[in-house]
Amino acid sequence: MNLYYLGPRGTFSYLASKKYLTETEADYHPKSNLYEVVQAVQNDSDSIGIVPIENSIEGTINIIADGLAHQNIYAIGEIHLNIQFGLYALAGTPIEAIDTVYSIAPAISQTNQFIQHHQFQIGYSESTVQSLDFIDEHTGAIAPLGINEDHRLEAIEQNIEDFPHNVTRFLIIGNHLTIAEDATDTVLMITPEQDRAGLLANILNTFAIFNINLSWIESRPLKTQLGRYRFFVQADATLNSELDKVIKILETLDYQVKIIGSFKKQTK
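Not measured: the values here are computed from a predicted model.

Enquirer: What's the story with the nonpolar core in this structure? I'm lost.
Expert: One broad trend across soluble globular proteins is that nonpolar side chains are buried collectively. Counting 30 residues, the largest nonpolar core has Leu3, Ile50, Leu87, Phe120 and Ile142 as the members making the most contacts within it. At the level of secondary structure, the elements contributing two or more residues to this core comprise strand 1 (2–6), helix 1 (12–20), strand 3 (47–55), strand 5 (74–82), strand 6 (85–90), helix 4 (105–110), helix 5 (112–118) and strand 11 (167–174). Val37, Ile61, Ala69 and Phe232 belong to the second-largest nonpolar core, a separate cluster that totals 24 residues.

Take a look at the structure:
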């Protein structure tokens, strides 16, 4: 089986992938951006992808939510990964010598207080690991703790994320719908047929009637006109439960409902 992830080796996507399948259990294929991961999975039936969908600080990763909407991919599971960042620099460099830091946009956002405190200028890279390539006497990189395999570099500051308990939820994706026998959660994409008052309220109230908790709610623009949205929800329910009734009611109310996946929730 092929496994696609945002590379290179050492990224958080790589670490999440290792929690699911080792490199002896799957053929690892790093990609330079998340769009390429989605495309590779869509075109390869003998594959999975490991992609971030939500971070406890940053929120939803929009490119993946849009991929679920517009590409032929489905969720077959999830992985939770604790996220810890370090400021990497040339070994022995004092932090006062650093004036610029590089990383990917989510990492910059998740360490923004640290960056602003030190008044660093910001540069962007395609991955946290690639940001190490920019390091010089006055340039640092924000990257996962523990990834450094180069003795010339070191993490001169550790745990620099803005909030403790920083966790990213990754989805395991494939190009066909799979319903797990031990499923506890179901992800749905709900698209209104028309714009009217109470669209979101109708959705939430329908789940509430059947006492179904939602652990993830996200809206994304339809990209057809301003003010039109579709909604993603993750329900703490299986398809063989009251959730079937919810889907039927929503369809009666002129919502298109697409099942994105039904899998076992990760609890730790």
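Once you've had a look at it, read on.
Enquirer: Could you clarify how one ought to interpret the side chain of asparagine 175 in this entry?
Expert: Relative to the elements of secondary structure, asparagine 175 occurs in the loop between strand 11 and strand 12 (185–192). For asparagine 175, a relative accessible area of 10% gives the class buried. Side chain to side chain, asparagine 175 and histidine 176 meet in a polar contact 3.1 Å long. Every residue in contact with asparagine 175, bar those within four places of it in the chain, is listed here: Val41, Gln42, Asp44, Ser45, Asn72, Ile73 and Tyr74.

Enquirer: For this particular structure, what's the right way to read the UniProt feature "domain: ACT" (unreviewed entry) in the protein chain?
Expert: Sites flagged by UniProt as "domain: ACT" (unreviewed entry) map to residues 188–262. The annotated region residues 188–262 carries 28% helix and 37% strand content, and the separation between its end C-alpha atoms amounts to 9 Å.

Enquirer: Please explain the side chain of serine 13 as it appears in this structure.
Expert: Among the secondary structure elements, serine 13 is positioned in helix 1. A residue is classified by how much of its surface remains accessible, and serine 13, at 5% relative accessible area, is buried. Those residues in contact with serine 13, other than ones at most four positions away along the chain, are Tyr5, Leu6, Ile50, Pro52 and Phe170.

Enquirer: Whenever I open this one, a nonpolar patch on the surface confuses me. Can you help?
Expert: A contiguous nonpolar surface patch, about 220 Å² in accessible area, is contributed by Leu200, Leu204 and Ile217. Inspection of the secondary structure puts isoleucine 217 in strand 13 (residues 214–221). For isoleucine 217, a relative accessible area of 43% translates into the label partly exposed.

Enquirer: Whenever I open this one, the sheet that holds strand 10 (residues 153–158) confuses me. Can you help?
Expert: Hydrogen bonds along the backbone pair up the strands of a sheet, which may run parallel or antiparallel. With respect to topology, 5 strands assemble into an open sheet ordered 8-7-9-6-10, the strand pairing being mixed. Unpaired on one side and paired on the other, strand 8 (121–124) and strand 10 mark the two borders of the sheet. Sheet twist, expressed as the mean angle between neighbouring strand axes with direction ignored, is 35°. One ladder, built from 4 bridges, connects strand 6 with strand 9 (residues 139–144); its direction is antiparallel. Paired with phenylalanine 85 across the bridge in strand 9 is proline 144.

Enquirer: Would you mind showing me how to read the pairing of strand 1 here?
Expert: Within a regular beta strand, the side chains point alternately toward one face of the sheet and then the other, so they alternate between its two faces. Counting buried residues in strand 1 gives 5 out of 5 residues, a clear majority hidden from the surface. Residues Asn2, Tyr4 and Leu6 of strand 1 are buried on one face, and the alternating residues Leu3 and Tyr5, pointing to the opposite face, are buried as well. As paired elements, strand 1 and strand 2 (residues 27–31) share 5 bridges and run parallel to each other. By the bridge assignment, leucine 3 is partnered in strand 2 with tyrosine 28. Of the crossover connections in this fold, the one passing from strand 1 over helix 1 to the parallel strand 2 is right-handed.

Enquirer: Could you clarify how one ought to interpret the packing of aromatic side chains in this entry?
Expert: Per the stated rule, a full pass over the model turns up 7 aromatic pairs. When the ring of phenylalanine 12 is compared with that of phenylalanine 85, the centres are 5.2 Å apart and the planes differ by 90°; the resulting orientation is edge-to-face. One end of the pair, phenylalanine 12, is in helix 1; the other, phenylalanine 85, is in strand 6, and 73 residues separate them in sequence. When its relative accessible area of 11% is taken as the criterion, phenylalanine 12 is described as buried. Look at phenylalanine 114 and phenylalanine 120: their rings are 6.0 Å apart centre to centre, the planes differ by 55°, and that puts the pair in the tilted class. When sorted by exposure, phenylalanine 114 lands in the same class as phenylalanine 120, which is buried. Three or more aromatic residues joined by ring pairs form one cluster here, namely Tyr5, Tyr14 and Tyr28. The positively charged end of arginine 169 is found above the aromatic ring belonging to tryptophan 216, 5.3 Å away from the centroid.

Calculation criteria
- Residues numbered from 1 in each chain as written.
- Predicted model: local features only at pLDDT ≥ 70, side-chain atom pairs only at ≥ 80, totals over all residues.
- Heavy atoms only, no water.
- Core = buried A, V, L, I, M, F, W, Y, C linked by side-chain atoms within 4.5 Å.
- Buried < 20%, exposed > 50% of the residue type's maximum accessible area, 1.4 Å probe, protein only.
- Helix = DSSP H or I, 4+ residues; strand = E, 2+ residues; numbered from the N terminus.
- Polar contact = N/O pair within 3.5 Å; in protein donor to acceptor, adjacent residues only side chain to side chain.
- Contact = heavy atoms within 4.5 Å.
- UniProt positions renumbered as here; feature names shortened; annotations may be inferred.
- Patch = residues over 30% accessible without salt bridge, like charges linked within 9 Å, V, L, I, M, F, W, Y side chains within 5 Å.
- Areas by Shrake-Rupley, 256 points an atom, 1.4 Å probe, with all protein chains shown as cover.
- Salt bridge = Lys/Arg side-chain N within 4 Å of Asp/Glu carboxyl O.
- Pairing = 2+ DSSP bridges.
- Axes fitted to C-alpha atoms, helices over the stretch in contact; angles between N-to-C directions.
- Right-handed = clockwise from strand over helix to strand, strands pointing away.
- Phe/Tyr/Trp six-rings, centres within 6.5 Å; stacked < 30°, edge-to-face > 60°.
- Lys NZ or Arg CZ within 6 Å of the ring centre and 35° of its normal.

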